[in-house]
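# Structural features, examined
Given next are the chains, with one letter for each unit.
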Amino acid sequence: MRDILLIALFAFLGALGAGLLGAVALRLLRRRSLTASIAVVASVAVGAMLAGTLAVAWAMFLSPHDLTVVTTVVAMAAAVSLASALLLGRWVVARSRELAVAARSFGDGGDFAAPDVPATAELEALGRELAATSAKLAESRDRERALETSRRELVAWISHDLRTPLAGLRAMSEALEDGVAADPDRYLRQIRTEVERLNDMVGDLFELSRIHVGALALSPSRMSLYDLVGDALAGADPLAREHGVRLVGDHVEPVPVEVDGKEMSRVLGNLLVNAIRRTPADGTVAVTAERSPEGVVLSVTDGCGGIPEEDLPRVFDTGWRGTHARTPPAGAGLGLAIVRGIVEAHKGRAAVRNIPGGCRFEVTLPAVEG
C-alpha cells in the first residue's frame, strides 16, 4: 500500500508541475488564437502524463533501457496529440472566422446567413442566435423606414394644412382691418372656424407626441361599452346630419370594459368622424360591439367604397390620408394614428378590412369578467 501511495504522490507532483506551466502559458496566450490555446491544453495533458511517468520511473530506479522505452512511447503520444490539437484548433478557428465574416453583414445593413459548413454545437447555437438577432434588426430597420416615411408625409401634410388656413386668416384679418369686408360677421365666424380647426390640429399633434414618447397617462375605470358607444353616437350625430349620413348602433351589447373613458371616447369619435366624412350622402355608418374569443370587439363600418389593398397596412400610419379622392378638406392624417396609439395603450389592437361597399374598422379590447 505504501508503494502505491508513493507512486501516486510522485505522479501527482510531476503532473502538477506540468499543469502549473500550462496555466502560465494559457495566461500569456489568452489574447492569441484559439489554436494556440488548444495546443497548450493538449501539451499540458500529455506533458502531465510524461512528467508523472518519468517521476515514477526515476523513483522506481528503472534501468536506462526501460526508462528510454517509456520516454519514447510517451513522446510519440505527445507528438500525435499535439498534431491532433493543432488540426482541431485550425478547424474551429476557420469556422469561427466564417461566422465572424457572416456577422459583419449586420453593420452593412444586410441579413445574416450562417455558414453551411457544420460547426461545433456552441458555434451552431451562436449562429442561430445571430440569425434571430438579424431578423429582429431587419424588422427594426423596416419599422424605422416606415416611421421616417410617415414623418416626411406628416410634415408635408401639416405644412400644407397650416399654410391654407393661415393664409385665409391673414386675408380676412387684413380685410377687417382695412374696412373692406362686405360682411364682417361672416368673416368673424369664418375666422373662429379656422382657429378651431387649427386648435384641433395642434391638439392632435400633442396627443400623438404623448403617445409616441409613452407619456399617455391612462385612468382606467369599469364602464359599459353600451354607454360609451351611446355618448359617441350622440356626439357625432350633428356631423352625420350635416353630411346626410345615417348612424346605426343597434348591435351594441352592454359588455363591461376597463378603459379610460376620455381616451376611448376620442377613439370612437375619430372613427365615427372618419367614417362619416368618407361615406356618401344617404349612406350608413354602423357601430357594433360584442364579445369574441379574443376579447371585446368594437367595430365601425362605413360606405366609403373600400380601401386599396396595398394601402390597408398603412391606414394607421402617422400622416396617411390615402388618395386625393378620399382626403377630406380637414385633418392631417393623425386621427387613425391616435386611435391605434390609444388602443395599444389599453393592451388592445386596431385593425381594418374591406367589406362589400366600404370598410370595417375594428378595435379589440381585453375582456373584463362580470
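Because the structure is a prediction, the values reported are computed rather than measured. (Residues numbered from 1 in each chain as written. Predicted model: local features only at pLDDT ≥ 70, side-chain atom pairs only at ≥ 80, totals over all residues. Heavy atoms only, no water.)

## Brief notes about the overall build of the protein
When its secondary structure is counted, the protein shows 8 helices and 7 strands. When the 370 residues of the protein are sorted by exposure, 36% land in the buried category. Of all intrachain contacts in the protein linking residues separated by at least 6 positions in sequence, the fraction that spans at least 24 positions is 70%. In the form shown here, the protein has an accessible surface area of approximately 21,900 Å², with 60% of it arising from carbon and sulfur atoms. (Helix = DSSP H or I, 4+ residues; strand = E, 2+ residues; numbered from the N terminus. Buried < 20%, exposed > 50% of the residue type's maximum accessible area, 1.4 Å probe, protein only. Contact = heavy atoms within 4.5 Å. Areas by Shrake-Rupley, 256 points an atom, 1.4 Å probe, with all protein chains shown as cover.)

## A few points about the pattern of salt bridges
Summed over all chains, the structure comprises 7 salt bridges. For Arg349, the salt bridge goes to Glu294, with nearest N and O atoms at 2.5 Å. Pair noted here: Arg349 is in strand E6 (residues 349–355) and Glu294 is in the loop between strand E4 (284–292) and strand E5 (295–301), with a separation of 55 residues, a long-range link. Taking relative accessible area as the criterion, Arg349 reaches 42% and is therefore assigned partly exposed. Salt bridges sharing partners connect three or more residues here, namely Arg353, Arg360 and Glu362. (Salt bridge = Lys/Arg side-chain N within 4 Å of Asp/Glu carboxyl O.)

## Some words on the confidence of the model for the protein
Here the protein shows a mean pLDDT of 78. Residues at 70 or above account for 79%. Considering each helix and strand of the protein separately, the mean pLDDT is smallest for helix H1 (residues 2–28), with a value of 69, and largest for strand E7 (residues 358–365), with 93. (pLDDT = per-residue confidence, 0-100.)

## Comments concerning the sheet that holds E4
Pairing is mixed across the open sheet formed by 5 strands, whose spatial order is E2-E4-E5-E7-E6. Whereas interior strands pair on both sides, the edge strands pair on one side only; in this sheet they are strand E2 (246–252) and E6. Each strand axis lies, on average, 20° off the axis of its neighbour in the sheet, ignoring direction. Its contacts with the sheet place helix H6 (residues 225–243) against E2, E4 and E5, and it is angled at close to 170° to E2. (Pairing = 2+ DSSP bridges. Axes fitted to C-alpha atoms, helices over the stretch in contact; angles between N-to-C directions.)

## Considering the environment of Ile211
As for its position among the elements, Ile211 is in helix H5 (residues 184–212). Overall, Ile211 belongs to the buried group, its relative accessible area being 16%. Sequence separation of Ile211 and Glu344 is 133 residues, and the distance between their C-alpha atoms is 9.7 Å. In this view, Ile211 contacts Leu216, Ile338, Gly341 and Ile342; residues no more than four positions away in its chain are not counted.

## Comments concerning unusual backbone geometry
Within the chain, Asp282 stands out as a residue other than glycine whose phi angle is a positive 70°. Residue position: Asp282 is located in the loop between helix H7 (261–278) and E4. One non-glycine residue, Lys347, adopts positive backbone phi at about 65°. Relative to the assigned elements, Lys347 resides in the loop between helix H8 (335–345) and E6.

## A look at the pairing of E4
Both E2 and E4 contribute to a ladder of 5 bridges, which runs parallel. Looking at the pairing, His251 lines up with Thr288 of E4.

## A short note on a nonpolar patch on the surface
A cluster of nonpolar residues, Phe12, Leu16 and Leu20, forms a patch on the protein surface that exposes about 300 Å² of accessible area. Along the chain, Leu16 turns up in helix H1. Relative accessible area serves as the criterion here: at 37%, Leu16 is assigned to the partly exposed category. (Patch = residues over 30% accessible without salt bridge, like charges linked within 9 Å, V, L, I, M, F, W, Y side chains within 5 Å.)

## Brief notes about H5
Its 29 residues place the ends of H5 42 Å apart at the C-alpha level, agreeing with the 42 Å of an ideal helix rising 1.5 Å per residue. Within H5, burial applies to Tyr187, Ile191, Glu194, Arg197, Leu198, Met201, Glu207, Leu208 and Ile211. Gly214 sits one or two positions beyond H5 and adopts a positive phi of about 75°. (Expected span 1.5 Å × (residues − 1).)

## Topic: the packing of aromatic side chains
Taken as a whole and judged by the stated rule, the model has 1 aromatic pair. Between Phe316 and Phe361 the ring centres are 6.0 Å apart and the planes differ by 85°, which places this aromatic pair in the edge-to-face class. Taken together, the residues Phe316 in the loop between E5 and H8 and Phe361 in strand E7 connect sequence positions 45 residues apart. The residues Phe316 and Phe361 share a single accessibility class, namely buried. (Phe/Tyr/Trp six-rings, centres within 6.5 Å; stacked < 30°, edge-to-face > 60°.)

## Here's the deal with the side chain of Arg360
Along the chain, Arg360 falls in strand E7. Judged by its relative accessible area of 16%, Arg360 falls in the buried class. Within polar-contact distance, the side chain of Arg360 engages the side chain of Glu362 at 2.7 Å. When sequence neighbours within four positions are dropped, the list of residues in contact with Arg360 reads Thr288, Glu290, Ser299, Val300, Thr301, Ala351, Val352, Arg353 and Ile355. (Polar contact = N/O pair within 3.5 Å; in protein donor to acceptor, adjacent residues only side chain to side chain.)

## Quick word on the packing of H5 against H8
Interaxial distance between H5 and H8 falls to 10 Å at its minimum, and their mutual angle equals 35°. The handedness of the crossing between H5 and H8 is left-handed. For the pair H5 and H8, contact is made by Asp204, Glu207, Leu208 and Ile211 and by Ala337, Ile338, Gly341 and Ile342, respectively. When its residues are assigned to classes, the contact of H5 with H8 shows 5 nonpolar, 1 polar and 2 charged. (Left-handed = near helix turned anticlockwise from the far one by under 90°. Nonpolar A, V, L, I, M, F, W, Y, C, P; charged D, E, K, R; others polar.)

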